[in-house]
Amino acid sequence: MVERRELTKRFDQINPEQIQDFLALDGFSMLEKALKMTPSEVRDEIRASRLTGRGGAGFLTSIKMDSFAAETGKKYIVCNADEGEPGNFKDRYLMEKDPFQVIEGMCISAYATGAQEGFIYIRGEYQTSIKRIQNAIDESRKHHYLGTHILQSAFSFDITIRQGAGAYVCGEEFALIESLEGKPGRTRVKPPYPAQEGYFSYPTLINNVETFCNLPFIVRIGGDAYRQIGSDFASGTKLISLSGNVKHKGLYEVPYGTTIRDVIFKLGGGTPNHRAIKMVQLGGACGAIIPDELLDMDIDNERFQIFDSKMGAGAIIVMDDSHDLFDIIHRNMEFFAHESCGKCTPCREGHIQLVKLIEKFIINEASQKDYDTLRSLAQVIHDTTLCGLGQTSPTCILSTMEFFPEEYNRRIAYRKRGGQA
Amino acid sequence: MIHAKINHIDVVVEEGTTILEAAKKYNINIPTLCHYPDLHINSDCRICVVEIDGYRGLKTSCSTPIRDGMMIKTNSPRVLNSRKTVTELILANHDVNCTSCTRNMNCELQQLSKNLGIDTSRFDNVLEYKDIDDQNPSIVRNPNRCIKCGRCVDVCQHVQGMHVLERMGRGHDMDISPAFGLPLNDQSCSFCGQCANVCPVGAIIEKDNTNLVWEKLHDPTKHVMVQIAPAVRVSIGEEIGLESGLISNGKLVAAMKHLGFNHVYDTNFTADLTIMEEGTELISRINNGGTLPLMTSCCPGWINMAEQEFPEILPHISSCKSPQQMFGTLAKSYYATKTNMDPEDIYVVSVMPCTAKKYEATREEFSVDGKHPDVDVVITTRELGKMFRQMGIDVNRLPEVEFDSPFGITTGAAALFGASGGVTEAALRTVYEIVNERPLEDIVFNSVRGMDGLKEAEVNLAGTTVKVAVSHSLSNARKLIEEVIAGKSPYTFIEIMACPGGCIGGGGQPYGTTNEVREHRLASTYIVDGNMIYRKSHQNPDIHKLYEEYLQQPNSHIAHKLLHTDYQYRKKRT
């Protein structure tokens with residue numbers, strides 16, 4: 001079995017707008033269980049699970065959580081539902097098919113860390129998600145799973161939805177906080193980190209929708225058991241948004257360690273019309289582009305780390321041999337040039353130069369010098385930008401340089417020969 | 001204490017020290033661009049990156065605290081290549097027209113490019129030309145030279161609390177500009193010029209009036225007289241290659257004569273006059289139940305803010321014109337009469353530490369007859385330095401020359417006008433003696449000196465203890481203003497200066513004005529005061545002569561006509 005449905009187990013089994021359906025399939029029972037534990041016991045389980053953030057960066061959740069729990073006074077929990085990575089739709093599915101699970105995850109998180117108030121920051125385009133989550137909040141509050149003295153305990157917590165107006169960079173935690181505060185979404189320098197100084201300078205814990213949804217699962221089976229799922233590199237399951245030239249596009253939940261090929265062929269049914277796979281982009285527009293030969297590595301193989309890239313948010317975009325590599329990276333770089341907040345130099349000025357350099361390849365005007373400049377610039381952007389956007393955006397260029405050198409060489413040689421094929 | 005290694009050199013610093021600070025302590029230079037002492041760390045330019053063993057990517061040394069055991073390299077190929085590339089990227093979106101830029105040879109981007117050895121351009125220039133905003137008399141904003149470092153935004157928002165400049169748009173279209181891209185004239189800009197002072201390139205500069213001055217200096221039909229503000233003489237040295245804080249009074253006058261000015265005067269004279277008028281106004285308001293606290297009116301940046309943002313506060317502001325304008329008025333009235341000259345032939349130039357003074361001089365009400373302005377043109381300390389360079393004058397080698405008369409004698413009190421707290425100190429020296437009719441024993445008011453943003457002092461006037469307050473930087477001023485508007489101000493007299501440190505830290509002062517430099521200039525100011533024969537404005541014999549010959553007495557009808565003004569609410573200046 002390739003799939004292991006834990007976070008998606010209620011999908012299509014319940015009416016997402018009915019709290020009774022959720023409760024009937026052990027909804028909120030993990031919150032009840034957590035409330036019988038001490039907050040530090042809950043955190044111990046999360047630490048033991050070695051859960052990593054599911055938003056893209058993939059850091060250990062417990063590190064952020066523990067340092068946030070150590071802060072005192074007013075503090076906030078923010079659920080990052082500003083899913084904007086091209087090819088990713090897992091958070092939308094989680095919010096639309098099992099919205100109560102998101103609430104339960106946030107409640108457990110708030111209980112474990114001592115936060116009193118939460119926000120769910122949802123991109124404005126996700127109107128159905130907004131509607132479903134709002135309904136879930138209202139229903140949960142009505143049934144005392146939100147609000148004061150949740151389930152007659154001393155624990156109080158409530159959640160408000162905030163809508164993002166559609167800027168990709170607002171998925172970055174500080175840009176998101178600026179947006180929450182009513183400012184243009186531009187990132188801030190770290191440190192201080194949000195867990196120390198976030199929303200209006202209060203300690204703020206930000207996690208992705210999928211990360212929060214993992215918490216009831218961890219409470220259910222315990223941190224040690226959770227760690228047994230997955231690979232040596234990452235524990236638990238991962239939601240994969242599978243799209244592109246694949247027969248069965250959609251959302252799949254698999255344990256870490258599953259190979260990319262299995263996801264594409266066993267779950268996705270391979271390419272339509274049986275065309276050859278030319279490239280697969282992992283993680284979204286900012287992920288690595290790999291050739292068919294590498295599809296047997298698992299979805300968190302250390303090999304990704306050569307680009308500081310893992311599975312990102314969990315997109316697999318399949319491209320068959322009808323696609324042109326330069327067309328793809330050009331479109332990606334135009335996207336990032338547009339979505340950069342413009343605050344730091346390498347991101348603001350770098351992406352536009354990447355676009356111009358790639359255009360030279362597209363029109364067969366690129367020289368070896370352009371190739372060198374492209375590689376150097378991509379590396380510098382990756383190394384020097386202020387936030388995750390620019391740190392990851394060049395991955396698709398650097399990975400294609402690594403895995404598709406012949407594509408570059410062919411274009412350079414074409415120019416050398418004076419345009420003779 | 002933190003132990004780490006930078007370029008294999010052991011460093012030991014206190015916890016919380018940034019890598020940049022630690023490196024500086026060990027004389028390891030890390031280049032920076034957006035970084036500026038006293039401002040927030042934005043870490044936007046990414047020039048100061050360093051490599052740290054075990055860390056992903058490169059880290060900006062300005063914002064990264066040094067940690068125990070860190071192995072830092074400031075000179076690895078990866079670091080050097082990144083710095084160079086980032087600088088090239090900036091240059092590729094810049095008009096790179098260096099020789100026709102005010103900041104040529106004095107530009108931080110140019111210096112950085114030179115130091116990094118940038119001799120080729122790998123990237124296409126992608127600059128899209130935008131309109132230059134030169135629609136006001138004080139500040140010119142040239143977006144084509146902006147490198148988006150954010151220093152101006154920080155100083156405008158956080159030091160001055162004005163929020164005129166902001167980052168607009170995003171991605172490659174991100175611009176630093178006033179709201180909606182409108183000209184500064186349409187915004188509540190105070191024209192304080194702090195943005196121009198911290199701008200590392202030529203993107204925000206003062207409106208250059210040096211050509212206007214040259215034109216008149218070369219016009220034989222004009223009698224060109226110049227006044228120099230007290231804060232200029234403690235900073236001009238920096239502009240012409242001398243150390244900060246150096247006082248070059250006599251040499252300065254000599255140099256001005258070399259430029260061709262017919263007469264060189266000291267604004268300090270009308271600073272003394274301001275004390276006479278404002279002190280009398282204060283006493284009168286105290287005795288007659290007038291509007292209190294009385295607030296100073298010397299600083300045009302603050303006046304701009306008050307007129308635009310706080311109409312309720314206007315009755316509190318002293319009706320006195322600023323010393324600059326008082327000088328201009330006297331030049332075109334008293335001086336013209338005394339010398340039998342037609343005011344039309346007199347051309348008054350001011351050298352000010354301030355860009356807002358340029359706007360002040362253009363205000364319609366500041367003219368004797370509605371046609372001829374009191375002050376014809378204002379240049380800043382920086383522009384004066386430029387004129388010296390244009391003439392090749394080596395100020396330091398000139399013999400000392402005295403200021404001209406009839407405004408020749410000035411006091412230490414007047415010299416204090418250059419420093420935050422100076423007007424207050426000067427006023428207290430005079431008001432105390434007039435009200436109490438006995439000499440003031442200790443004339444130094446230490447509590448209003450120094451770089452604290454809000455300062456206060458107490459003085460006994462006719463048996464009553466009177467509290468006075470001093471603020472500098474407009475963000476500090478706001479606190480006092482809001483207190484006054486709320487009717488909760490415990491003060492009788494409030495001095496407000498728009499720029500940090502007062503005029504010595506003005507927007508027209510030499511580049512590199514940091515709080516450290518401000519401290520040097522403040523110290524020099526107090527030395528000037530200490531060295532003066534007269535240290536109280538009401539002791540100035542030339543001031544007495546002026547009242548005897550022309551103005552009769554402080555606040556007389558003629559004094560009021562010439563030396564006082566009123567203020568009005570103006571939402572926008574245009």
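About the thresholds
- Residues numbered from 1 in each chain as written.
- Chains lettered and ligands numbered in written order.
- Predicted model: local features only at pLDDT ≥ 70, side-chain atom pairs only at ≥ 80, totals over all residues.
- Heavy atoms only, no water.
- UniProt positions renumbered as here; feature names shortened; annotations may be inferred.
- Contact = heavy atoms within 4.5 Å.
- Buried area = accessible area lost by both parts, 1.4 Å probe.
- Salt bridge = Lys/Arg side-chain N within 4 Å of Asp/Glu carboxyl O.
- Pairing = 2+ DSSP bridges.
- Helix = DSSP H or I, 4+ residues; strand = E, 2+ residues; numbered from the N terminus.
- Axes fitted to C-alpha atoms, helices over the stretch in contact; angles between N-to-C directions.
- Domains from an automatic or database assignment.
- Polar contact = N/O pair within 3.5 Å; in protein donor to acceptor, adjacent residues only side chain to side chain.
- Nonpolar A, V, L, I, M, F, W, Y, C, P; charged D, E, K, R; others polar.
- Core = buried A, V, L, I, M, F, W, Y, C linked by side-chain atoms within 4.5 Å.
- Buried < 20%, exposed > 50% of the residue type's maximum accessible area, 1.4 Å probe, protein only.
- Phe/Tyr/Trp six-rings, centres within 6.5 Å; stacked < 30°, edge-to-face > 60°.
- Lys NZ or Arg CZ within 6 Å of the ring centre and 35° of its normal.

Chain B is annotated in an unreviewed UniProt entry as 4Fe-4S dicluster domain-containing protein of Candidatus Xianfuyuplasma coldseepsis.

As recorded in an unreviewed UniProt entry, chain A goes by NADH-quinone oxidoreductase subunit F and comes from Candidatus Xianfuyuplasma coldseepsis. Quoted straight from UniProt, the Sequence similarities (unreviewed entry) entry for chain A says "Belongs to the complex I 51 kDa subunit family."

Between chain B and chain A, the contact holds 34 residues from the first and 33 residues from the second. For the pair chain B and chain A, the two sides together bury roughly 3,000 Å², of which 53% comes from carbon and sulfur. In terms of surface lost to chain A, no three residues of chain B exceed Arg-56, Leu-89 and Arg-170 of chain B, which account for 23% of the buried area on that side. The interface formed by chain B and chain A holds three salt bridges in total.

All names here are of chain B. Overall, mixed pairing links the five strands, which are arranged S2-S1-S5-S3-S4 in an open sheet. Because the sheet does not close on itself, it has two edges, and the strands there are strand S2 (9–13) and strand S4 (59–60). Alignment of strand S1 (residues 2–6) against strand S5 (residues 71–73), held across two bridges, turns out to be parallel. Looking across to S5, one finds that Ile-6 is bridged to Ile-72. Docked against the sheet, helix H2 (residues 77–91) engages strand S3 (49–52) and S5, running at close to 160° with respect to S3.

Residues and elements named next belong to chain B. Domain annotation for chain B reports domain 1 (2–75), domain 2 (101–206) and domain 3 (210–563). The partner domain 2 presents 15 residues to the ten residues of domain 1 that form the contact. Carbon and sulfur atoms supply 63% of the area that domain 1 and domain 2 bury against each other, a total of about 1,100 Å² over both sides. Summed over the three residues of domain 1 that lose the most area to domain 2, namely Leu-33, Tyr-36 and Leu-39, the buried surface amounts to 51% of that side. In this structure, the connection of domain 1 to domain 2 is made through one salt bridge. Across the pair Arg-167 and Asp-44 runs a salt bridge, and its minimum N-O distance is 2.8 Å. Applying the counting criterion to the domain 1 and domain 2 interface returns four residue pairs in polar contact (both at pLDDT 80 or more). Here the side of domain 1 that touches domain 2 is composed, by residue class, of six nonpolar, three polar and one charged.

Residue and element names in this part refer to chain A. For chain A, the assigned domains read domain 1 (19–228), domain 2 (231–320) and domain 3 (325–417). One C-alpha centre belongs to domain 1, the other to domain 3; they are set 35 Å apart. Carbon and sulfur atoms supply 75% of the area buried between domain 1 and domain 3, which totals about 840 Å² over both sides. Taken as a group, Tyr-168, Val-169 and Thr-187 account for 58% of the area that domain 1 buries against domain 3, more than any other trio of residues on that side. There are zero salt bridges connecting domain 1 and domain 3. Of the residues assigned to the side of domain 1 that touches domain 3, the class counts are five nonpolar, three polar and three charged.

With that out of the way, let us pick up the side chain of Arg-449 of chain B. All names here are of chain B. Along the chain, Arg-449 falls in the loop between helix H16 (422–436) and strand S15 (454–461). For Arg-449, the side chain forms a polar contact with the side chain of Asp-529, separated by 3.5 Å. Once you skip the residues sitting within four places of it in the chain, Arg-449 turns out to touch Leu-416, Glu-425, Arg-429, Val-444, Lys-455, Tyr-526 and Asp-529.

Now for the nonpolar core. Membership of the largest hydrophobic core comes to 148 residues, with the highest contact counts inside it found for Met-256, Leu-259, Phe-261, Trp-302, Leu-384 and Phe-388 of chain B. Trp-302 of chain B has contacts with Met-295, Thr-296, Ile-313, Ile-317, Leu-474, Ile-481, Ile-496 and Ala-498 of chain B, leaving out every residue within four places of it along the chain. By size, the runner-up hydrophobic cluster in this structure holds 79 residues, among which are Ala-175, Ile-277, Cys-341 and Ile-412 of chain A.

Next up on the list: the sheet that holds strand S1 (residues 76–81) of chain A. Residues and elements named next belong to chain A. Pairing within the open sheet is parallel, and its four strands lie in the order S3-S2-S1-S4. Looking along the sheet, the strands with just one partner apiece sit at the ends: strand S3 (158–164) and strand S4 (204–208). For this sheet the average axis-to-axis angle between neighbouring strands, irrespective of direction, equals 20°.

Applying the stated criterion across every chain, the model contains 28 aromatic pairs over all chains. Between Phe-22 of chain A and Phe-100 of chain A, the aromatic rings sit 5.3 Å apart at their centres with planes inclined by 25°, giving stacked as the arrangement. Residue Phe-22 of chain A is found in helix H1 (residues 19–24), and its partner Phe-100 of chain A is found in helix H6 (residues 99–113); the two are separated by 78 residues along the sequence. Both residues of the pair, Phe-22 of chain A and Phe-100 of chain A, count as buried. Through successive ring pairs, a cluster of aromatic residues spans Tyr-265, Phe-269, Phe-327, Tyr-334, Tyr-335, Phe-407 and Tyr-550 of chain B. The ring of Tyr-126 of chain A carries the charged tip of Arg-92 of chain A above its face, separated from the ring centre by 5.4 Å.

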